[in-house]
Amino acid sequence: MRLSELFFATLRDDPADAEMPSHRLLLRAGYLRQLGSGLYSLLPLGFRVNKRVEQVIREEMNAIGCQELEMPVIHPADLWRESGRYDLIGPEMARFKDRGDRDMVIAMTHEEVVTDLLRDIIRSYRQLPVRLYHFQTKFRDEPRSRGGLIRVREFVMKDSYSCDRDDEGLDASYWAHHGAYVRIFERLGLEAIPVASDVGMMGGSLAHEFMVLNPAGEDVLVLCDACGFSANRQVASVKVPLVDLGPALPVEEIETPDTTTIADLAAFLGVDATRTAKAAFFMAGDGRLVTAIVRGDRDVNETKLSNVAKVSGGLRPATVDEIHAAGMEPGYGSAVGAHDTFVVVDEIAAASPNLVAGANRVGYHLRNVNLGRDFQADLVADIDNAREGDACPVCGHPVILRNGIEVGNIFKLGTRYSAALGATYLGEDGQAHPIVMGSYGIGLGRNVACIVEAHHDEKGIAWPDEVAPYPAHLVSIGTNKEPRVGELAKELHDGAAAAGREILWDDRDDSPGVKFNDAELLGMPWIITVSPRSLAAGGVEVTRRATGQRSVMPLDDARAWLTGSGPAPHLTEPASVASQAASESAGTRS
RNA sequence: CGGGGCGUAGCGAAGCUUGGCAUCGCGCGUGCUUUGGGAGCACGAGAUCGUGGGUUCGAAUCCCGCCGCCCCGACCA
């Protein structure tokens, strides 16, 4: 591909709206253009990267016996009504009516459609297991897109679905995907950590997310250096030491002026925050006031709370009026004497006797409050929010917290959809059984962005070989001085293309500085320079983009390499200090 | 949806406080020179200043509404 003919444009200045390196570089290097919030066009270069990522995924999916198919982007709303998600999902799903006034939706995922196919096609246990996947556009009207391709509204996802007879089969499918995902991310050059995760809107029983560490990540991971434990904070249960405060003592009301925070209260009374109880109030989408009680030194994890309280429609902070209506007082609140509220007590607080809790009266708290005697819980559960330094649940070593970007996820759905839609098979026992399903996703664009996040330096992108849009970037210099340069560049370019291994050739009439800078910005793994100087040195100069290592390659070797009949350059020269630093910052960022 | 910021040529910005000819750099076109690290000179094209209304003799600038984009939060596979 001649650069002079490529549909692209590089930008010398950073785009004002791009903050993340991947966003900035993909725009600057001409891989991407924005159409609207969370809507991007892939230019030819970006499209090629996407296709290469897709191919890696396709190969690994095929390798575990997944069959590729394609399902529509537009679905009849009735199908989503059958699963119950039509009403469950809010404005995130786009809805419209077709010309026949029928309700339709734009797909945000494909569980419903694949289950519809299953109930049509699967009759007998003999047809199971089956694993299906496709690459298809999803539209999710996110409240807020961000970070270029990191979070968008329209994107292509590889989603696969496993269909088994029983939990044992599902387990095999699940771990087959787990293995395939490990291989996929390794091939893509991503250090993805599988973490136990929340099942979210998908429903189901077990889920892992594959996370790439990144300061701009939207998820918080709880990690243990010592034993390798990893979990999303939304599900992480760390070990928190309990404080034994002895047998229950009588309740005592005490005056505690101006102590609306735990810090103020603990300071005022001269007690540790671990000896207090904290109340947090939420209004659920289903209309319930949810009161969460945690030990004073801990915080509520809203995802956990939402899950254990089986909240539909989400949680929001309650208003003062709503709290008053349940007989409680913000700042001096507790579940003591509360009514018309769903009380969830964290396990740590539940195991802590004689806590200082709010008296539900401005300026007063209660000493020696005990669960069961002084207030009741509708539910005792883990709603604790893990913190850096807490003890690892596996080995007890202090955990660390890191931000991560989710590059893939795997879910055990079970019979959530097959039961709702009536996708059953006849078992050996002659009875109908719901198909046991799993669902597995990888967002292509987000992975492309994460690859750039992990493989770039201050000059630009440095694609791993596996996903680079072209294997090499040929720079011809000094064609005016030496006609052989242009002839040779054309020969190398045309030869590679004829061999089906197209390379990029910067044939533009620009100065060497412009060409080198663009080559480094675009990020092909190899930069090949043809110039009078390289010819005098005996061939072409080859530079490894990621490390800056370079050497001269004889012409015949270069021809052989580029046409696929010879090996890639072997670089013996050590990388310079500067380029080593560059490659380190590029390679270890993840 | 709450908080903050920003919309001026393809990109990046100045001008706005204090109303008075639409600016700068890069990029782009033509010509000549130049060609191993973002070249030089000359000429040139390109902007209804996001949008609608208002105030005013006069609005990029002041006032009101709307739209769009980015960041933080809420939310979220």
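Note that the structure is a prediction, hence the values are computed from the model and not measured. (Residues numbered from 1 in each chain as written. Chains lettered and ligands numbered in written order. Predicted model: local features only at pLDDT ≥ 70, side-chain atom pairs only at ≥ 80, totals over all residues. Heavy atoms only, no water.)

**Let's talk about the sheet that holds strand β16 (residues 315-317)**
And step 1. Overall, mixed pairing links the 5 strands, which are arranged β16-β14-β15-β17-β20 in an open sheet. Across the chains shown, the open sheet's two edge strands, defined by having one partner strand only, are β16 and β20 (379-381). Averaged over all adjacent pairs, the angle separating strand axes in this sheet is 35°, with direction ignored.
And step 2. Where strand β14 (residues 277-284) lies against β16, 3 bridges are found, and the strand directions are antiparallel. (Pairing = 2+ DSSP bridges. Helix = DSSP H or I, 4+ residues; strand = E, 2+ residues; numbered from the N terminus. Axes fitted to C-alpha atoms, helices over the stretch in contact; angles between N-to-C directions.)

**Some words on the protein's contact with RNA strand B**
And step 1. Of all residues adjacent to RNA strand B, which total 47 residues, the nearest are Arg144, Arg151, Glu520, Ser531 and Arg533.
And step 2. Within the contact set of RNA strand B, a sugar or linking oxygen lies 2.8 Å away from a side-chain nitrogen or oxygen of Asp17.
And step 3. Within the contact set of RNA strand B, a sugar or linking oxygen lies 2.5 Å away from a side-chain nitrogen or oxygen of Glu406.
And step 4. Secondary structure elements with two or more residues in the surface near RNA strand B: β1 (32-36), β8 (154-164), β21 (400-414), α14 (512-522) and α15 (532-536).
And step 5. The greatest single-element share of the surface near RNA strand B, amounting to 7 residues, is contributed by α14.
And step 6. The residue inventory of the surface near RNA strand B, partitioned by class, reads 12 nonpolar, 14 polar and 21 charged. (Near = heavy atom within 4 Å. Polar contact = N/O pair within 3.5 Å; in protein donor to acceptor, adjacent residues only side chain to side chain. Nonpolar A, V, L, I, M, F, W, Y, C, P; charged D, E, K, R; others polar.)

**Let's talk about the nonpolar core**
And step 1. Membership of the largest hydrophobic core comes to 58 residues, with the highest contact counts inside it found for Tyr31 and Trp463.
And step 2. Element by element, the count of residues in this core is highest for helix α6 (residues 167-187), at 7 residues.
And step 3. Among the nonpolar cores identified, the runner-up in size contains 28 residues, and Val113, Tyr125, Tyr425 and Met437 belong to it. (Core = buried A, V, L, I, M, F, W, Y, C linked by side-chain atoms within 4.5 Å. Buried < 20%, exposed > 50% of the residue type's maximum accessible area, 1.4 Å probe, protein only.)

**Here's the deal with the pattern of salt bridges**
And step 1. Using the criterion set out here, one finds 47 salt bridges in the structure.
And step 2. The shortest N-O distance in the salt bridge between Lys278 and Asp299 comes to 3.0 Å. Note that Lys278 is positioned in strand β14 and Asp299 in the loop between β15 (289-295) and α8 (302-308), a separation of 21 residues in sequence.
And step 3. Overall, the relative accessible area of 33% leaves Asp299 in the partly exposed class.
And step 4. Asp556 is the partner of Arg559 in a salt bridge, and the nearest nitrogen-oxygen pair spans 2.7 Å. One end of the pair is Arg559 and the other is Asp556, both in helix α16 (residues 555-562) and 3 residues apart, which spans about a single turn.
And step 5. Here Arg559 falls in the partly exposed class, since its relative accessible area comes to 27%.
And step 6. Salt bridges sharing common partners tie together Glu59, Glu60, Arg183, Arg187 and Glu466. (Salt bridge = Lys/Arg side-chain N within 4 Å of Asp/Glu carboxyl O.)

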